[in-house]
Amino acid sequence: MAGEKLDLLKGTLDLLVLQILSSMGPVHGYGLARRLEQVSGDELAMNEGTIYTSLVRLQHRRLIKTAWGTSENNRRAKYYSLTRAGEKALAAEAANWVRLTSVIGRVLATSQGETSQ
Amino acid sequence: MIRDIQEVLSRLRAVFRRRALDQDFDEEFTAHIDLLTEQNERRGLDRQEARRQAILQMGGSNATKDLHREARELPPLQRVLDVLHDIWRDLIYGGRSLAKARAFTFVCVVTLGIGMVPVIGIPWASRLFMGPPPGVHTAGLVELVMQARGPLQASDRWSYPDFADMRDAGIGIAMTGWVREQTELSSKTADGIRTERVRTMFVSSNYFKLLGVRLAAGAGFDLSADNPLTAAPVAILGYDGPARSGPDLGMLGKTLTVNGIPHVVVGIAPDDFSDTVGVQLFLPLEMHPRLQNKSGRYDRDSEWMYIYGRLSSEVGMEQAKAALSAVTARLAAQYPETNEFRAGSLEPYDGFQYAQRSEFMILQSVLLALTGMVLLVVCLNISGMMQVRGAMRERELSVRQAIGASRGRLARYLLSEAVILSALGSALAMIVLYNIPPVLAWWIGQPIPAEFREALRPNLSSAAIVVGVTLLTSLVFGLLPALRFSRPAIISSLKDDAGGGGHRVGRIQRVAVALQICIAIPFLVLSGMMVDRVRSLATADLGFQTDGLAAVRLDLDPQKEKEQPGFFLRSVRENLEKASGIESVTAADGLPLDFSSRVRRVAPQGEGKFVRAHVTRVAEGYLDTMRIRLLRGRGIATEDRTGSEQVTVISAALADRLFPSTATAEVIGKRLMFSVEDWQQGASSGESFTIVGVTADFVGAEIGEAREQVLLPLAQHPVLSTVFLVARGMAGEPSAKLTAAFQNAVRDLDLDFKPGSVITGGQIRKTSMRRFLQQSALTGSPGGIVLALAALGIYGVVGLMVATRTREMAIRIALGASRTRVLSTVLFDIVKLVMPGVAGGLLIALGIVRIFREDLGLPLSSVEYLAYAVAAAIAIIVAVLASLAPAGRAASVAPILAMRSE
């Protein structure tokens, strides 16, 4: 398995995007992609284009807002940032994720325990 | 929910802004690729390879753009189809579960059908009266109306001189005048001369041209028809009467006899136009009876005709209105005594006559409101029944919820049952609606008029009405049960079968039931009184003797009648009198119980208090032959002929109405007059008639009709078309002999005479009775329908009451109460539920009977109280019967089932 990249679980990309926007403040699509690559240690198998579909979904749900600005290389670029609803959603989703992973972890631990017995 | 709507709206906006958003994303995408390319170059790739890698990293150019658009816009078709499929599955499942509950479904569908028939029917029926007739060019077409001013109300009727003045004023509005009348059209057929009354319109010569309607054949009226000096008796044929064979083009140039005068047919109107306006014959306005003498022609006082106008192309609406009001102002100055307050204005033509339009709209909305109320009551009832069903199925719903159905899902399922029920209900309503005209046509024995067939033809708006009513109805009665039972109390429901309760019977439903009973009772009381009226009339004295009486209808040839008035009738009569076995012979223009209404308004001379009376023109010997009792004075006799004093004989009922405080003997010699409108033909308005006799009461055209009667001498008011020859046989003579005598007498003079047309007194009596019973059944049926609806409402409420109180009853049984005792508790509750309604209904019925008893023709006797008692009893019995089934179910609950959940 080592060396192969991980597929993202359905719905988790939105959570990652929200988290990055929360930590970095307003950022454009390319910046998001780089940041994601950076923090994930390049372990996620994903087309960078899918980030934009995630951004559109979040926009429809009013969790993020957009504004046109100028990028570091002096090009026009669209900057994304969290709305208040986005902050709330991130908190809820993150808590949910932590609970879910801990439950899954516990279940896996017991079943591993059973198999090892 | 709000968030979902926001998202859908935002996606919808994206669909409409697709180009702008595509450009935005193009720019964003290109910038991203450029930055990636630069990054790749920094890693040492050459520019081309770096760009290729960048696009690969993005996941392809077109694919990414497609994905973006998909995420941005509405869900693709597949997801829409998925939702539709879900709904379809709910419908199928709902249909299946309804099919299992057959009785429930049947009752719901029938009541919904009853409630929906009028609601769907009224807009359909209103199409009968809406929209211009086919072929009419409405642009620039106006109706001339009179504005409300001073003591005058708004109106669309004008006097003839006003019409002529406005028409000739030259203000850029072409005008045409018209009025509807009835005329007598005689035609020669194989069986001799046939005379019928036809719906006729008197019109100016430019009528068709102004409306833009092209004649099917012929040149129509020319300008000479508008000139009183040159107007000739010409006619344009409309559709061919009730036979509906359409106008016969071969009639062009032939001659018709209208009101005894030969008219040349100069045109054939298009069938669909004349059919829609309901006119069989068009005649020149100048031939109208009112314009045949000077006083009528110059009478500005009476307004009796309508005017349509067409604006010429250079005249605008406002300009034309100003011009017209200048003309009417001039007329007002010129003829202040009649025209002082008359101010003309224009209304755009829309197929409706101005005066009718607002009345029609009011009538339609009142009717819709009333029938809507009925439908609302029906909905409340069905809502109650659905809640009973929901309560009984709580377990099933709980299981569904327990295995993961969301509340929305359950609600959607329950609503889909409501939609199915109301769709079936509206289907039933439509079957009924489509079959009402044929059934009525069969009942009356006449074909369906074309305008009805036209109104019944399905089109987009009628379909929209049906779908709208269906969905709205299902929402009204389905929403409450859907919301209530989509949230079952899982635990208690899963634990027992017995309906733990937790849902209480709504106050709305209790009040609705009481209200329905309250409405049903007056109907029942009135129906009961109608039944009593039928009974008393059926046994009442007709006032004349039917046994031994025979009559035959004779169609006269108007032409011959003009030449030798009364000759034919006199000859037949003499022939008949000579026959053996005949006691006496007379003639009349109608018979008692012949269903032909000849009602006119009469008043004592010099008084304005007009009373409606049934007028018959009779020959001498009428009273003797009919065996009508003469109370005072004399009957119509031979000396009452043309030129002698105008006389009349009236019935005692009329004498009482006209001269309330006068003894019968003193009525003789008093004088009587007819209202002007009712007596246009023959007599001039001021004419009066001396009363020479008073008879005992006898029936009019129908059994139930009032018995105010006026008899006039046939010789003084000759009939041109149809008379009845009446004979009485000697006592003990068989009726066959009488019939034979008739045949011999008539056949000598009229070779085409058919023996079958002899009517006997017994036949008259029988058909009349049958018809009266039919009418009474019709008047009584609303009471039955309302009561049936009320019974359903009671069933619904009681069922719900019982279903939610099962546990209480089980506890009672467990504590030792007998089942009879439980049953009686429930029944007592029912009586308590309906009692306020019964009391209110009785009060309303009492009020209605007291206030309207004269209008309704109700006898006020000992029967009145019996009717109240019976109505109250029926309502309570129906309520108890409706509650028996659910009460029985409750009483048979096994205590253990109900108690287990504690």
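Residues numbered from 1 in each chain as written. Chains lettered and ligands numbered in written order. Predicted model: local features only at pLDDT ≥ 70, side-chain atom pairs only at ≥ 80, totals over all residues. Heavy atoms only, no water.

### A look at a nonpolar patch on the surface
Okay, step 1: Taken together, the side chains of B:Val432, B:Ile436, B:Val439, B:Leu440, B:Trp442, B:Trp443 and B:Ile444 present a nonpolar region at the surface, about 730 Å² in accessible area.
Okay, step 2: Judged by relative accessible area, which is 35%, B:Val432 ranks as partly exposed. (Patch = residues over 30% accessible without salt bridge, like charges linked within 9 Å, V, L, I, M, F, W, Y side chains within 5 Å. Areas by Shrake-Rupley, 256 points an atom, 1.4 Å probe, with all protein chains shown as cover. Salt bridge = Lys/Arg side-chain N within 4 Å of Asp/Glu carboxyl O. Buried < 20%, exposed > 50% of the residue type's maximum accessible area, 1.4 Å probe, protein only.)

### Some details on the pattern of salt bridges
Okay, step 1: As enumerated under the stated definition, the model contains 38 salt bridges over all chains in all.
Okay, step 2: For A:Arg57, the salt bridge goes to A:Asp14, with nearest N and O atoms at 3.0 Å. In this pair, A:Arg57 sits in helix α3 (residues 49-60) while A:Asp14 sits in helix α1 (residues 12-24), placing the two residues 43 residues apart along the sequence.
Okay, step 3: Judged by its relative accessible area of 32%, A:Arg57 falls in the partly exposed class.
Okay, step 4: With a closest N to O distance of 3.0 Å, B:Arg389 and B:Glu417 form a salt bridge. Within this pair, whereas B:Arg389 is found in helix α13 (residues 354-392), its partner B:Glu417 is found in helix α15 (residues 407-444), the two being separated by 28 residues in sequence.
Okay, step 5: Residue B:Glu417 is classed as buried on the basis of its relative accessible area, which comes to 1%.
Okay, step 6: A network of salt bridges, in which partner residues are shared, links B:Arg18, B:Asp22, B:Arg69, B:Arg72 and B:Glu73. (Helix = DSSP H or I, 4+ residues; strand = E, 2+ residues; numbered from the N terminus.)

### Overview of the nonpolar core
Residues and elements named next belong to chain B.
Okay, step 1: Residues Ile517, Ile521, Val525 and Ile794 are the most contacted members of the largest nonpolar core, which totals 37 residues.
Okay, step 2: Listing elements by their share of this core, those giving two or more residues are α19 (507-539), α26 (761-804), α27 (806-814), α28 (819-856) and α29 (863-891).
Okay, step 3: Sorting elements by how many residues they give to this core places α29 first, with 11 residues.
Okay, step 4: Excluding its chain neighbours within four sequence positions, the residues that come into contact with isoleucine 517 are Ala790, Ile794, Val834, Gly837, Val838 and Ala875.
Okay, step 5: Of all hydrophobic cores here, the second largest spans 35 residues; its members include Leu144, Ile171, Phe202 and Ala217. (Core = buried A, V, L, I, M, F, W, Y, C linked by side-chain atoms within 4.5 Å. Contact = heavy atoms within 4.5 Å.)

### A look at the environment of B:Arg157
Okay, step 1: Topologically, B:Arg157 is positioned in the loop between β1 (141-146) and α7 (160-167).
Okay, step 2: Apart from residues no more than four positions distant in its own chain, B:Arg157 is found in contact with B:Met146, B:Glu303, B:Trp304, B:Met305 and B:Tyr306.

### Considerations on the packing of aromatic side chains
Residues and elements named next belong to chain B.
Okay, step 1: Taken as a whole and assessed by the stated rule, the structure comprises 13 aromatic pairs over all chains.
Okay, step 2: Centroid distance phenylalanine 25 to phenylalanine 29: 6.0 Å. Interplanar angle 45°. Geometry classified as tilted. Here phenylalanine 25 pairs with phenylalanine 29, and both are found in helix α2 (residues 18-42), just four residues apart, close to one helical turn. This pair shows no difference in class: phenylalanine 25 is buried, exactly as phenylalanine 29 is.
Okay, step 3: Every member of this aromatic cluster is reached through a ring pair, and the members are Trp178, Tyr306, Tyr308 and Tyr349. (Phe/Tyr/Trp six-rings, centres within 6.5 Å; stacked < 30°, edge-to-face > 60°.)

### Description of the sheet that holds strand β2 (residues 27-28) of chain A
Residue and element names in this part refer to chain A.
Okay, step 1: In space, the three strands of this open sheet follow the order β2-β5-β4, with antiparallel pairing throughout. Both edges of this open sheet fall to β2 and β4 (64-70), since each of them pairs with a single strand only.
Okay, step 2: Two strands pair when backbone bridges link them, and β4 and strand β5 (residues 76-82) are joined in this way by seven bridges, in the antiparallel orientation. Residue pairing for β5: threonine 66 is matched across the bridge by tyrosine 80.
Okay, step 3: Against the sheet, α1 contacts β2, β4 and β5, and its axis sits at roughly 100° relative to β5. (Pairing = 2+ DSSP bridges. Axes fitted to C-alpha atoms, helices over the stretch in contact; angles between N-to-C directions.)

### Some thoughts on the confidence of the model for chain A
Okay, step 1: Overall, the prediction assigns chain A a mean pLDDT of 85, with 91% of residues at 70 or greater.
Okay, step 2: Within chain A, the element-level pLDDT minimum falls on strand β1 (residues 6-7) of chain A, averaging 74, and the maximum on β2(A), averaging 92. (pLDDT = per-residue confidence, 0-100.)

### Quick notes on the packing of helix α6 (residues 102-126) of chain B against helix α17 (residues 460-485) of chain B
Residues and elements named next belong to chain B.
Okay, step 1: Contact geometry of α6 with α17 gives a least axis separation of 10 Å together with a crossing angle of 145°. The handedness of the crossing between α6 and α17 comes out as right-handed. Of α17, the residues touching α6 (which contributes Leu112, Met116, Val119, Ile120, Pro123 and Trp124) are Ser462, Ile465, Val466, Val469, Thr470, Thr473 and Phe477.
Okay, step 2: Classifying every residue of the contact of α6 with α17 gives 10 nonpolar, three polar and no charged. (Left-handed = near helix turned anticlockwise from the far one by under 90°. Nonpolar A, V, L, I, M, F, W, Y, C, P; charged D, E, K, R; others polar.)

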